[in-house]
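Structure assessment
Take a look at the letters that make up each chain.
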Amino acid sequence: MSLKTTLEALSRHHMAAISEQDRRDFEDELDRLRMMRVAEEGLGLGDFLPDFALQDGTGRVWTSGELLDRGPLVLALFRGDW
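Here goes a summary of the coordinates provided. A quick note: this is a predicted structure, and the numbers were derived from the prediction, not measured. (Residues numbered from 1 in each chain as written. Predicted model: local features only at pLDDT ≥ 70, side-chain atom pairs only at ≥ 80, totals over all residues. Heavy atoms only, no water.)

Moving on to unusual backbone geometry. A positive phi angle, close to 55 degrees, is found at Arg 37, a residue other than glycine. Structurally, Arg 37 is set in the loop between helix H2 (20-36) and helix H3 (38-41). (Helix = DSSP H or I, 4+ residues; strand = E, 2+ residues; numbered from the N terminus.)

Moving on: the pattern of salt bridges. The tally for this structure, following the rule as stated, stands at six salt bridges. Across the pair Glu 20 and Arg 23 runs a salt bridge, and its minimum N-O distance is 2.9 Å. Pair noted here: Glu 20 and Arg 23 are both in helix H2, with a separation of three residues, about one helical turn. Between Glu 41 and Arg 37 there is a salt bridge, and its shortest N-O distance comes to 3.3 Å. Residue Glu 41 is classed as exposed on the basis of its relative accessible area, which comes to 57%. Assessed through its relative accessible area of 41%, Arg 37 is described here as partly exposed. (Salt bridge = Lys/Arg side-chain N within 4 Å of Asp/Glu carboxyl O. Buried < 20%, exposed > 50% of the residue type's maximum accessible area, 1.4 Å probe, protein only.)

Glancing now at the environment of Leu 49. Relative to the helices and strands, Leu 49 resides in the loop between H3 and strand E1 (53-55). In this structure the C-alpha to C-alpha distance between Leu 49 and Ser 64, which are 15 residues apart in sequence, comes to 9.3 Å. Beyond its immediate stretch of four places on either side in the chain, Leu 49 contacts Leu 43 and Leu 75. (Contact = heavy atoms within 4.5 Å.)

Let us now look at H2. In a regular helix each residue adds 1.5 Å, so 17 residues correspond to 24 Å; H2 covers 24 Å between its end C-alpha atoms and thus fits that length. Backbone geometry just downstream of H2 places Arg 37 in the positive-phi region, at approximately 55 degrees. (Expected span 1.5 Å × (residues − 1).)

Time to look at a negative patch on the surface. A cluster of acidic residues, Asp 22, Asp 25, Glu 27 and Asp 28, forms a negative patch on the protein surface. Along the chain, Asp 22 falls in helix H2. The exposure class of Asp 22 is partly exposed, given its relative accessible area of 42%. (Patch = residues over 30% accessible without salt bridge, like charges linked within 9 Å, V, L, I, M, F, W, Y side chains within 5 Å. Areas by Shrake-Rupley, 256 points an atom, 1.4 Å probe, with all protein chains shown as cover. Lys, Arg positive; Asp, Glu negative; His and termini not counted. Charge placed at Lys NZ, Arg CZ, Asp CG, Glu CD.)

Structural data, given as structure tokens:
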């Protein structure tokens, strides 16, 4: 089974497991992201990330420059208050 086929099957399975309202909300958000052209306009492989400043879990603000001074940088973003 190809990756595309697998992902389509997973999508159908998960969409069937949520309420109609959640499904509509999800589709509305996907439409909004498509209109914003997030995938087409976002950074691609090999692009440089602009300088940034982010707050960590303790409230300290780190800049990309500070972090890069310490060595290679890997950035992982998590949605929500986990």
